[in-house]
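# Structure assessment
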Amino acid sequence: MTTTTDDLALSVSAPSQSTSDRRIKTFRAIPSPDTLRNELPLTARRALAVQRDRDEIAAILAGHDDRLIVVVGPCSVHDPVAALDYARRLAPLAAEYADRLKIVMRVYFEKPRTTVGWKGLINDPGMDETYDVERGLRTARSLLLDIIDLGLPVGTEFLEPTSPQYIADAVSWGAIGARTTESQVHRQLASGLSMPIGFKNGTDGNVQVAVDGVNAAAAPHVFFGVDDFGHGAVVETVGNTDCHIILRGGTRGPNYDDASVAAAVASLAKAGVAPKVMIDCSHANSGKDHIRQAEVAREVAADVRASRAAGEEPTISGVMLESFLIPGAQSTDARPLTYGQSVTDKCMGWDPTADVLAELARS
Ligand SMILES: O=C[C@H](O)[C@H](O)COP(=O)(O)O
Ligand SMILES: C=C(OP(=O)(O)O)C(=O)O
């Protein structure tokens, strides 16, 4: 290659200008998934429990088990002590209603934001913008193991495409959120995840994007990822046929009424997907009003009861509730923080949660 006078002039005026990483402040190394999993092992006993729970959830979604899946717990985990305290209250109810409900604790470590905000315990465990992701991953994994030891299956939203490598072995059910349900990256991810996955409808209420997500995740994919040792890798998946949609309402209002559920089932049938739906009683279905969540859950319970009484197989196979020890929500900036209260969306308190679980069990 010949060097021109222009090249020479450029190299003198800007000798070390790189075109890459112009907006990156730092890269910080973190342990590989393999290192963290060895440090906090799932163990054979817990792995058996996770596999049994995944199988039971998949059987409910396939219509082979007529229990109702109930994903219940805080909007987000910020304090592992309070989350474990919640799990200790939930575990006896999960055992008591086990013949009618499959209770899964909502243990959400990654929060998708409408614009900006705290992104969850893995991203910033101190909620102080120190972003100690290594501590976040360790705390998250350790909490999952403790909850499994109480006999509860764990459900979480998968948001970062590489974080599942650190925790997914301990998760029995997963969600792809309303803000990422249309994302190819998340559909590919779901196609390789080992547990049933629910796709939320879009924030605008578009259900078709969730149906498309279920269909896309059922197919095999090849994409960029990270292997167990943290090395860049090409990932090939076999596809995940245990996926379903979650109706969470949208900007035009709730979508858990009979007509909306029937329309969603018709879209699923048209796409050749099993007509199984989970209703999120929170978010746009409750207008983000935590007190309204209980009413939504009661209406869903009545619907399930009515279809059973009519001898029909209910299309609603699950519900989701955002619930914590103390009702409502507080700011992430509050100091001191109120123990057991959400720092993201408003949650139902413990007592109404226990009442709703009893009602769902009766349905
Ligand atoms: O479930 C939690 C929130 O609704 C979601 O993360 C969006 O939060 P935001 O609108 O407060 O950013
Ligand atoms: C972020 C959540 O919900 P959605 O994606 O429906 O907004 C959530 O369930 O925490």
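Note that the coordinates shown come from a computational prediction; the quantities given were computed from them, not determined experimentally.

Reading the values: rules and limits
- Numbers given for residues are sequential positions, taken from 1 along each chain in its written order.
- Key to labels: chains lettered from A, ligands numbered from 1, both in the order written.
- Note on the predicted model: pLDDT of at least 70 is required for a residue's local features to be given, and 80 or more for side-chain atom pairs to be given and counted; whole-chain, interface and lining totals, by contrast, use all residues.
- The basis for every side-chain value is the complete set of non-hydrogen atoms in the structure, without hydrogens or water.
- Helix numbers and strand numbers start at the N terminus; a helix is a DSSP run of H or I with at least 4 residues, a strand a run of E with at least 2.
- Here the radius of gyration uses the C-alpha set of atoms, whereas the globule reference equals 2.2 Å times the residue count to the power 0.38.
- Only protein chains enter the accessibility calculation, which uses a 1.4 Å probe. A residue is then buried if its area is under 20% of the maximum for its type, exposed if over 50%, and partly exposed in between.
- Contacts are residue-level and defined by heavy atoms, with any inter-residue pair within 4.5 Å sufficient.
- A molecule or strand has a residue near it when one of that residue's heavy atoms lies within 4 Å.
- Here a polar contact is recorded for every N or O atom pair within 3.5 Å, except that within protein the pair must consist of a potential hydrogen donor and a potential acceptor, and residues adjacent in sequence are included only if both atoms are side-chain atoms.
- In short, Shrake-Rupley with a 1.4 Å probe defines the accessible areas, and a residue's cover is counted only from the protein chains shown.
- Only the six-membered ring of Trp is used, alongside the rings of Phe and Tyr, when aromatic pairs are assigned; centres must lie within 6.5 Å, and planes under 30 degrees apart are stacked while those over 60 apart are edge-to-face, with the rest tilted.
- Polarity classes work like this: nonpolar for Ala, Val, Leu, Ile, Met, Phe, Trp, Tyr, Cys and Pro, charged for Asp, Glu, Lys and Arg, and polar for all others, with Gly in that last group.
- Here, a disulfide means two cysteine sulfur atoms that sit within 2.5 Å of each other.
- Note on pairing: two strands pair once DSSP finds at least 2 bridges between them.
- Handedness of a crossover is defined as follows: with both strands directed away from the viewer, a clockwise route from the first strand across the helix to the second makes it right-handed.

## Concerning the overall build of the protein chain
Helix and strand counts for the protein chain stand at eleven helices and twelve strands. Here the C-alpha atoms of the protein chain give a radius of gyration of 22 Å, agreeing with the 21 Å that 2.2 N^0.38 yields for 363 residues. Each principal axis of the C-alpha atoms in the protein chain carries an extent, and together these give about 85 × 50 × 45 Å. In the protein chain, which comprises 363 residues, the share counted as buried stands at 52%. At a minimum sequence separation of 6, the contacts of the protein chain that also span at least 24 residues come to 69%.

## Here's the deal with the site of ligand 2
Taken together, Arg 106, Tyr 108, Lys 111, Pro 112, Glu 157, Gly 177, Ala 178, Arg 179, Lys 200, Arg 248 and His 283 make up all the residues around ligand 2. A distance of 2.8 Å is found between an oxygen atom of ligand 2 and a side-chain nitrogen or oxygen belonging to Arg 106. Within the contact set of ligand 2, an oxygen atom lies 3.2 Å away from a side-chain nitrogen or oxygen of His 283. The fraction of the free accessible surface of ligand 2 (290 Å²) that becomes covered by protein chains is 96%.

## A closer look at the packing of aromatic side chains
In total, this model carries two aromatic pairs according to the counting rule given. Residues Tyr 86 and Phe 324 carry aromatic rings whose centres are separated by 6.2 Å and whose planes lie at 65 degrees to one another, so their mutual orientation is edge-to-face. Taken together, the residues span a long stretch of sequence, with Tyr 86 in helix α4 (residues 80-96) and Phe 324 in the loop between β10 (316-322) and β11 (326-329) at a distance of 238 residues. Grouping residues by exposure puts Tyr 86 and Phe 324 together as buried.

## What to know about the site of ligand 1
In the neighbourhood of ligand 1, the contacting residues comprise Cys 75, Lys 111, Pro 112, Arg 113, Thr 114, Arg 179, His 283, Lys 288, Glu 322 and Asp 345. Within the contact set of ligand 1, an oxygen atom lies 2.4 Å away from a side-chain nitrogen or oxygen of Thr 114. Protein contact buries 83% of the 330 Å² of open area that ligand 1 shows by itself. Class assignment of the residues belonging to the shell around ligand 1 gives a composition of two nonpolar, two polar and six charged.

## Comments concerning the state of the cysteines
Counting across every chain of the model gives zero disulfides. No disulfide involves Cys 281; its sulfur sits 13 Å from that of Cys 347, the nearest cysteine. In this structure Cys 281 comes out as buried when scored by relative accessible area, which is 0%.

## Section: helix α7 (residues 184-192)
In an α-helix there are 3.6 residues to a turn, and that puts residues three or four apart on one side. Looking only at α7, the buried set comprises His 186, Arg 187, Gln 188, Leu 189, Ala 190 and Ser 191. At its buried positions, α7 is contacted by α6 (164-167), β4 (173-176), β5 (197-200), α8 (208-218) and β6 (222-226). Regarding α7, its N-cap is Ser 183, as a side-chain oxygen of that residue lies 3.3 Å from the backbone nitrogen of Val 185 further along.

## Details of the pairing of strand β1 (residues 68-73)
Most of β1 sits out of view: six of its six residues are buried. Alternating residues of β1 divide into Leu 68, Val 70 and Val 72 and Ile 69, Val 71 and Gly 73, and every residue in both groups is buried. The pairing of β1 with strand β2 (residues 101-106) spans five bridges and is classified as parallel. Bridge pairing in β2 places Val 72 opposite Met 105. What joins β1 to β2 is α4, and the crossover it makes is right-handed.

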